[in-house]
Amino acid sequence: MPASVFRMRDVSKVYRVGDLEVVALREVSLELHAGEFVVLLGPSGSGKSTLLNLLGGLDTPTSGEVDYLDHDLSAGGDEALTRFRREHVGFVFQFYNLIPSLTAAENVALVTDIARNPMDPHEALAIVGLSERAEHFPAQLSGGEQQRVAIARAIAKRPDVLLCDEPTGALDVETGRLVLEALDRVNRELGTITAVITHNASIAAMGNRVIRLSSGRIVDIAANATRLRASELSW
Amino acid sequence: MVRLGPLDLKLLRDAWNLRGQVIACALVVAGGINSFVLLSSVNRSLAASQALFYETHRFADVFADLVRAPEPVARALAQIPGLAAMETRLSVRVNLDVPGLAEPARGRIVSLSRDPAGGLNTLHLRKGRMPAPGSQDEVLAAEAFAVANRLAPGDAIRGVMNGRYQSLKVVGVANSPEFIYALGPGQLVPDNQRYGVLWMDRKGLEKAYDMEGAFNSVTARAQPGASLPAVLGEMDRVLAPWGGVGAYDREDQISHRFLSDEIAQNRTMARVTPTIFLAVGAFLLYMVLTRLVQLQRSQVGLLKAFGYSGAEIALHYLKLALVISLLGAAIGVGTGLPFASAMLDLYGEYYYFPMAGGDQRAAVAGAGTALAVIAAIAGAIPAALRAARLPPAESMRPEPPAVFHAGWLERWGLRRALRPAGRMLVRNLARRPLRFLASVAGIAIAVSLLVMMTAMLDGIRYLMDWQFKVVQREDVQVVLAEPRSREALHAFAAMRGVVQAEPFRIVAVRFHAGHRLKRGILYGLEDSPALRRVAGEDGRAIEVPPDGLLLTGIFARDLGVRAGDTIEVEAMEGKRPRRTLRVAGVVDEPIGYAAYVSRATANRLMEEGDVLTGAYLRVDARERERIFAALKAMPQVAGANLREATLERFDEMIERSVGIMITVNLVFAWIIAFGLVYNGARIALSERGYELATLRVLGFTQRESAGLLLGEQAAITGAGLPLGLALGIGLTLYFIWMLSTQMWRMPYVMTGANLVGAMAAVAVAAVASGGAVAWRLRHMDLVAALKARE
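Keep in mind it's a predicted model, so treat the numbers as computed, not measured.

**Q** Please explain the overall build of chain A as it appears in this structure.
**A** Within chain A one finds six helices and ten strands. Scaling as 2.2 N^0.38, a compact globule of 235 residues should have a C-alpha radius of gyration of about 18 Å, and chain A matches this with 17 Å. With respect to the three principal axes, the spread of C-alpha positions in chain A is 45 × 40 × 40 Å. Counting all 235 residues of chain A, 56% fall into the buried class. In chain A, the proportion of contacts linking residues at least 24 apart, taken out of those at least 6 apart, comes to 70%. Averaging the coordinates of the 23 positive side-chain charges in chain A and doing the same for the 31 negative ones gives two points 2 Å apart.

Structure representation (structure tokens):
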């Protein structure tokens, strides 16, 4: 059993929306292990994104503890969380979140500029198969290409964990497959812990483990005996 | 209660949500309307009051002074073609002894019209009554003089009239269109305490000055359409045998000249300042609304899907601009009107005439509001049209990513020089070059307003220093009633407490250069003078040539002559000799029309001996009071100007009026800088909040992402500051050119402290507004900002 890198214990998250309290997570406990590829499944409002945001240091829990190795993320202030994100986390979003005024290579360089031990931006783009498109601006790239630039930007700092929120949500099947291949490759070659949120149950076969959420609780954790390659998926 | 439609409710809530920007825009518009209301209502009031006072009080448009003519000459004058009305009168200089005033005061006594209706230059009686017919000791005092010396009907003053010491009883206080602005001979600023106009019954005055059946002054009104030069020429011809010193029209009438120059300067300001503000205001509205329409694309699509027309949607956004602009107009009118009253009160202390031009408030407030509406429409139209033209289906989808490309800057190698963060900044600015340039221009305008205003103030201070430290170094200028021989100088020099006395010979002359003719004063000064010198604008003293004359720059230009040319000088007194003099040099003096010769040259021109018309004295401060008392009692002394008193009056005038203008302009410049930077940063935050949230998620610290956001504003401010200096220098030169009159020319003074101070003041406003936006960035909810696009 590989060592656990993330540990969540009895984590709850309550949002206040006007006069309403919305419980996004209810006493969730979870561990993520080194080199693991995890798929988080669940309907809208099940708490997947909240879980990912807590793991990535974008948010802090209302109660419970989130630890990354010996860092206590639940107690971290803005500065500590920023440093954590800067040094350890790579994010990939559904809508790519590229900076439109920067080329592909520059979007990656934006992160390598502030990272401690980054790879060359062109190396990162090569990993996702976009060496040819390095000097293109986001508006000149297809959705799948933009998402792969986002992945290159996320991995270029050699993060310890890659957090992906619906990375294929805005893409067609073929393009989505290319993106998933890139994630798969990063996980296998660099050993980066990868957590992918998706609505798409077919993607579950890619992961070491599949975590299902519903109404803010983990309802099932299943381990896959064998992981499928992205190219082997069908949906 | 009016029920607001849903679109109007949306409008009010949008305005509330955008309140920071709404306030910033409204303040800039308010600045424009404030300056418009302030300057225009002052201008309208002054111009209307002037016109009304001139008309109702029958201000003459032709004036002539002479030595003495018997009354029958008036018949010849009355026959001059083109005259509608003509009056002869007495106008004499008098030395006054006012209770409570140590120094001698000077004055002019003018005879009252014989016309029971008041005649020309009818007096406006403010207090008391008219002097009794035939009375020899009752006078009316000009209001300016009465107020400055706290004189009321019933008070007595003493005057040296025709060499006799006489008590004068003030029976009333009055104003005349001829003396709205009363400037004594040799004075640069009105000193109403030491110079005043009095009116007396014609018979009484004739008797006091042995002028029975004679006159020494004429005023007249020309028929509409009559040729003034022809009338003036005829008048000169008739009066020449009687010692006429040259007829002149309103252009050369001191009070009219000053008041009209003031009104003209005011009109310039009333056009320039509000235009600048409203242009910036319209630009800010343009930015805010364009961004709002962009943010509300899907709402616009939805409204269209519901069946709202493009015109209705355009009107909706136009209304929002109107709400903002009218808010600004309300602030501008609300603050402008009281400022205008205060300013008019201030004018009332220098210009004595009834401010009776009617109530201009409603008209000015209406015009100001109309200007605000125009600014709102100009600013809102592009955004409103964009909203009207959005196709409904397309507008419900999110906007495609903005298209960027590497611009020409980068092809020049900027790319290699900049990190990605720097490139973001450059590309974002380069993507909207017009917005960038307009913002830079706005900052530059804010700086230039300060530079110009400070330069004006520095210019006035320089002028004062130049006049009172370099040129005018005497303590007292004594003016003789008529030319005297050198013994008069010895008499002054012999007075106890007089340290030094320097004679001068002043001649009223007409300068002929080709077809050009100008009235003016010829100053005959001592060689190598110690007290009164001629100096260039740089402060260096210039030796008056033994023969030939020195002209001020403006005068030489208006006469169309330069050094080496010759001009004809025609004396307007004595035997009225006429001589050709060589222009030995042109002096760069800020004081308008003046011509200098050596006193010997002046004496030669007048074909007289060693004669003076006055003296500059340096006195022992401890003996001042005694010297004043002695001068008061000397019949041959027509008056004495005190350097210190003039300086004090000047200081006071500047501190009050210019102090107000400086403060107002500083506030205006701050409002513009704040409005531009705050709005610019807020819009950048709104446009790029998503981007900045992404950066924060990627591990950028607050400081780093705020730096990216504010970097653009810093670049705009950084480019605007030096440009503002250039613009400010240009604006200063323009205003100097606009505001220069025949009387004086504003010197160009540009100090490093001014330039640095103007930049610092605007930079402070920029930093403060940038800080306000950075505070918002700090409190931005990262997760919410990331979801904003979904």
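**Q** Even after reading the chapter, I still don't get the overall build of chain B, so can you show me in this structure?
**A** Check the secondary structure of chain B and you find 22 helices and 22 strands. Overall size of chain B, expressed as C-alpha extent along the three principal axes, is 100 × 60 × 50 Å. Burial statistics for chain B: of 790 residues in total, 56% are counted as buried. Of the roughly 32600 Å² that chain B leaves accessible, carbon and sulfur atoms contribute 59%. Taken together, the 87 basic and 71 acidic charged side chains of chain B have centroids lying 9 Å from each other.

**Q** So what exactly am I meant to see when it comes to the interface of chain A and chain B here?
**A** One widely used convention gives an interface's size as the accessible area the parts lose upon coming together. At the interface, 27 residues of chain A touch 30 residues of chain B. Remark: the boundary between chain A and chain B carries four salt bridges. Of the charged contacts in the structure, one is a salt bridge between A:Glu106 and B:Arg423, with a shortest N-O distance of 2.5 Å. Counting the contacts that link chain A with chain B gives 13 residue pairs in polar contact (both at pLDDT 80 or more). Contributing elements (two or more residues each) for the side of chain A that touches chain B: helix H2 (78-88) and helix H3 (104-112) of chain A.

**Q** Which parts of the structure should I look at to understand the sheet that holds strand S4 (residues 63-68) of chain A?
**A** All names here are of chain A. Across the sheet, four strands lie side by side as S2-S1-S4-S5; this open sheet has antiparallel pairing. Strand pairing shows two members of the sheet lacking a second neighbour, strand S2 (20-33) and strand S5 (71-72), which therefore form its edges. Pairing between S4 and S5: two bridges, direction antiparallel. Following the sheet pairing, Tyr 68 is matched in S5 by His 71.

**Q** When you look at the environment of B:Ala30 in this model, what are you seeing that I'm missing?
**A** Residue and element names in this part refer to chain B. Note on placement: Ala 30 falls in helix H2 (residues 19-56). Among the residues examined, Ala 30 registers a relative accessible area of 6% and is labelled buried. Sequence separation between Ala 30 and Arg 533 is 503 residues, and the spatial gap between their C-alpha atoms is 48 Å. Apart from residues lying up to four places away in sequence, Ala 30 is in contact with Gly 328, Ile 331 and Gly 332.

**Q** So what exactly am I meant to see when it comes to the pattern of salt bridges here?
**A** Side chains that carry opposite charge are capable of pairing whenever their charged atoms lie near each other. Residue and element names in this part refer to chain B. A complete count under the given rule lists 44 salt bridges over all chains for this structure. Measuring nitrogen to oxygen at the nearest pair gives 3.2 Å for the salt bridge that ties Glu 206 to Arg 114. With a gap of 92 residues between them, Glu 206 in helix H5 (residues 202-208) and Arg 114 in the loop between strand S4 (105-111) and strand S5 (124-128) connect regions that are remote in the sequence. By relative accessible area, which is 7% here, Glu 206 ends up buried. Put simply, Arg 126 and Glu 143 hold a salt bridge, and the shortest N to O gap is 3.1 Å. Taken together, the residues span a long stretch of sequence, with Arg 126 in strand S5 and Glu 143 in helix H4 (residues 143-148) at a distance of 17 residues. Where salt bridges share partners, they join Glu 71, Arg 114, Arg 202 and Glu 206 into one cluster.

**Q** Sorry, what's going on with the packing of aromatic side chains here?
**A** When we look at a pair of aromatic rings, we describe it by the centre distance and by the angle of the planes. One pass over the full model with this rule turns up 17 aromatic pairs over all chains. Ring centres of A:Phe6 and A:Tyr68 lie 5.1 Å apart, and the angle between their planes is 55°; this geometry places the pair in the tilted category. On the criterion of sequence distance, the pair formed by A:Phe6 in strand S1 (residues 4-17) and A:Tyr68 in strand S4 is long-range, its members being 62 residues apart. Across this residue pair, the class does not change: A:Phe6 and A:Tyr68 are buried. With 6.3 Å between their ring centres and 45° between their planes, B:Tyr734 and B:Trp737 make a pair best called tilted. Here B:Tyr734 pairs with B:Trp737, and both are found in helix H20 (residues 702-739), just three residues apart, close to one helical turn. Given the relative accessible area of 34%, B:Tyr734 is considered partly exposed. A relative accessible area of 63% means that B:Trp737 is categorised as exposed.

**Q** Looking at this structure, how should I read the pairing of strand S8 (residues 164-175) of chain B?
**A** The side chains of a regular strand alternate, residue by residue, between the two faces of the sheet. Residues and elements named next belong to chain B. Across four bridges, the pairing between S5 and S8 is antiparallel. When the bridges of S8 are listed, Leu 125 appears paired with Ala 174. Here strand S6 (residues 138-142) pairs with S8 via five bridges, running parallel. Residue pairing in the sheet places Ala 141 in a bridge with Val 173 of S8.

**Q** Just to check I follow, could you spell out the packing of helix H5 (residues 143-155) of chain A against helix H6 (residues 173-190) of chain A for this structure?
**A** If you want to describe how two helices pack, look at the angle between their axes and the distance between the axes. Residue and element names in this part refer to chain A. It is the contact of H5 with H6, at a shortest axis distance of 9 Å, that shows an interaxial angle of 15°. It follows that H5 is roughly parallel to H6 by the angle criterion. Here H5 runs over H6; the crossing is right-handed. Between H5, through Gly 144, Gln 147, Arg 148, Ile 151 and Ile 155, and H6, the contact on the second element is made entirely by Thr 175, Leu 178, Val 179, Ala 182, Leu 183 and Val 186. Taken together, the residues that form the contact of H5 with H6 break down as seven nonpolar, three polar and one charged.

**Q** I would appreciate a short explanation of the pairing of S2(A) in the present structure.
**A** Pairing geometry for S1(A) and S2(A), over ten bridges, is antiparallel. Within the sheet, the bridge partner assigned to A:Phe6 lies in S2(A) and is A:Leu32.

**Q** Looking at this structure, I do not really get the environment of A:Ala139. What am I missing?
**A** All names here are of chain A. Locating Ala 139 in the fold gives a position in the loop between helix H4 (121-127) and H5. A relative accessible area of 32% means that Ala 139 is categorised as partly exposed. On a C-alpha basis, the gap between Ala 139 and Leu 98 in space is 9.8 Å, while along the polypeptide they are 41 residues apart.

**Q** Teacher, can you tell me more about a nonpolar patch on the surface here?
**A** Residue and element names in this part refer to chain A. Taken together, Val 17, Leu 20 and Val 22 make up a surface patch of nonpolar side chains, about 270 Å² in accessible area. Structurally, the position occupied by Val 17 is in strand S1. With a relative accessible area of 52%, Val 17 lands in the exposed category.

**Q** Is there a simple way to explain the packing of H20(B) against helix H21 (residues 752-778) of chain B in this structure?
**A** Residue and element names in this part refer to chain B. Packing of H20 against H21 brings their axes to within 10 Å, and their N-to-C directions diverge by 160°. Comparing their axes, H21 and H20 come out roughly antiparallel. Handedness of the crossing formed by H20 with H21: right-handed. Residue-level contacts link Gln 702, Ser 705, Ala 706, Leu 709, Leu 710, Thr 717, Leu 721, Pro 722 and Leu 725 of H20 to Leu 755, Met 759, Val 762, Ala 763, Ala 766, Gly 770, Val 773, Ala 774, Leu 777 and Arg 778 of H21. Here the contact of H20 with H21 is built from residues that sort into 14 nonpolar, four polar and one charged.

**Q** Could you clarify how one ought to interpret the side chain of B:Asn603 in this entry?
**A** Residues and elements named next belong to chain B. Within the fold, Asn 603 resides in helix H17 (residues 599-605). In this structure Asn 603 comes out as buried when scored by relative accessible area, which is 6%. There is a polar contact of 3.1 Å between the side chain of Asn 603 and the backbone oxygen of Val 611.

**Q** Looking at this structure, how should I read the sheet that holds strand S3 (residues 37-41) of chain A?
**A** Sheets are built from strands paired through backbone hydrogen bonds, the pairs being either parallel or antiparallel. Residues and elements named next belong to chain A. Strand order in this open sheet of six strands is S6-S7-S8-S3-S9-S10, and the pairing throughout is mixed. Edge positions in the sheet fall to strand S6 (89-92) and strand S10 (217-223), since each has one partner strand and no second. Averaged over all adjacent pairs, the angle separating strand axes in this sheet is 15°, with direction ignored. Where S6 and strand S7 (residues 161-165) come together, four bridges link them in parallel fashion. Looking at the pairing, Gly 90 lines up with Leu 162 of S7.

**Q** Can you help me understand the nonpolar core in this one?
**A** One recurring pattern in soluble globular proteins: nonpolar side chains tend to sit buried together. One finds B:Val42, B:Leu289, B:Tyr317, B:Tyr351, B:Ile672, B:Phe735 and B:Val762 to be the most contacted residues of the largest nonpolar core, which totals 104 residues. At 17 residues, the largest contribution of residues to this core is made by helix H7 (residues 254-295) of chain B. A:Leu125, A:Ala154, A:Val186 and A:Ile203 belong to the second-largest nonpolar core, a separate cluster that totals 39 residues.

**Q** Would you take a moment to explain helix H6 (residues 228-239) of chain B for this structure?
**A** Three or four residues apart is the spacing at which side chains of an α-helix point the same way, because the helix has 3.6 residues per turn. Residue and element names in this part refer to chain B. The end-to-end C-alpha distance of H6, which contains twelve residues, comes to 16 Å, matching closely the 16 Å that a straight helix rising 1.5 Å per residue would cover. All buried positions along H6 are accounted for by Val 231, Leu 232, Met 235, Asp 236, Val 238 and Leu 239. Each buried residue of H6 sits inside an arc of 165° when the element is viewed along its axis, so together they form one side. Of the exposed residues in H6, those oriented more than 90 degrees away from the buried face are Pro 229 and Arg 237. Residues of H6 that are buried in the fold lie against strand S1 (62-70), helix H3 (73-78), strand S2 (83-89), strand S10 (214-222), strand S11 (247-249) and strand S13 (498-513).

Calculation notes
- Residues numbered from 1 in each chain as written.
- Chains lettered and ligands numbered in written order.
- Predicted model: local features only at pLDDT ≥ 70, side-chain atom pairs only at ≥ 80, totals over all residues.
- Heavy atoms only, no water.
- Helix = DSSP H or I, 4+ residues; strand = E, 2+ residues; numbered from the N terminus.
- Rg over C-alpha atoms; globule rule 2.2 N^0.38 Å.
- Buried < 20%, exposed > 50% of the residue type's maximum accessible area, 1.4 Å probe, protein only.
- Contact = heavy atoms within 4.5 Å.
- Lys, Arg positive; Asp, Glu negative; His and termini not counted.
- Charge placed at Lys NZ, Arg CZ, Asp CG, Glu CD.
- Areas by Shrake-Rupley, 256 points an atom, 1.4 Å probe, with all protein chains shown as cover.
- Salt bridge = Lys/Arg side-chain N within 4 Å of Asp/Glu carboxyl O.
- Polar contact = N/O pair within 3.5 Å; in protein donor to acceptor, adjacent residues only side chain to side chain.
- Pairing = 2+ DSSP bridges.
- Phe/Tyr/Trp six-rings, centres within 6.5 Å; stacked < 30°, edge-to-face > 60°.
- Axes fitted to C-alpha atoms, helices over the stretch in contact; angles between N-to-C directions.
- Parallel < 35°, antiparallel > 145°, perpendicular 65-115°, else oblique.
- Left-handed = near helix turned anticlockwise from the far one by under 90°.
- Nonpolar A, V, L, I, M, F, W, Y, C, P; charged D, E, K, R; others polar.
- Patch = residues over 30% accessible without salt bridge, like charges linked within 9 Å, V, L, I, M, F, W, Y side chains within 5 Å.
- Core = buried A, V, L, I, M, F, W, Y, C linked by side-chain atoms within 4.5 Å.
- Expected span 1.5 Å × (residues − 1).
- Arc of directions from axis to C-beta.

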